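# Results of the structural survey
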Amino acid sequence: MTSPYTTGTGDADEGTRAPDWHARTYEVFNPDSTVGVACDREGEMVGLHITDHAREQGDTWLAAEVLRIAKLAHMKSRVGVRGEMERSGVQPYTIDSFGLPTEAAYRAAENAEFGTSS
């Protein structure tokens, strides 16, 4: 089984290699998977997924949906940075001083947007 913290190269020492935090991406899709956004660890959009069905919904709907999903993807990337800092042994009060969201805060935001808990 491959660890989620490996680089995924398939090398024999893959499970013992340090994670490549700078190459991580964080993806969020809407519940019907018609719109998805990927952000890097800095919170910048690095990918966009739009299905034909989503394009048929009109520009106003699509723009609002992309922004809604991008906001969550950005937040998810910040949660990833928080986890990275925690695993590196940074003190909790230092992490909190950066204003990084917690996993629970992300889940609450996702639930508020989608009306489900995933």
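Residues numbered from 1 in each chain as written. Predicted model: local features only at pLDDT ≥ 70, side-chain atom pairs only at ≥ 80, totals over all residues. Heavy atoms only, no water.

## Structural notes on the nonpolar core
Core analysis: the largest hydrophobic core is formed by 15 residues, its most contacted members being V28, V35, V37, I69 and Y106. If you list the elements that add at least two residues to this core, you get β2 (35-40), α2 (59-87) and α4 (103-114). Per-element tally for this core: the top contributor is α2, with eight residues. Residues within four places of I69 in sequence aside, it is in contact with V28, F29, N30, V35, G36, V37 and F114. (Core = buried A, V, L, I, M, F, W, Y, C linked by side-chain atoms within 4.5 Å. Buried < 20%, exposed > 50% of the residue type's maximum accessible area, 1.4 Å probe, protein only. Helix = DSSP H or I, 4+ residues; strand = E, 2+ residues; numbered from the N terminus. Contact = heavy atoms within 4.5 Å.)

## Considerations on the confidence of the model for the protein chain
Summary statistics for the protein chain give a mean pLDDT of 85 and a share of 79% for residues scoring 70 or more. Of the regions scoring below 50 in pLDDT, residues 1-12 engages in 17 contacts with residues more than four places distant in sequence or in other chains. (pLDDT = per-residue confidence, 0-100.)

## What about α2?
Because an α-helix completes one turn every 3.6 residues, residues spaced three or four positions apart along the sequence face the same direction. For α2, which comprises 29 residues, the first-to-last C-alpha distance of 42 Å matches the rise-based estimate of 42 Å (1.5 Å per residue) to within 8%. Of the residues one or two after α2, G89 is the one with positive phi, at around 90°. (Expected span 1.5 Å × (residues − 1).)

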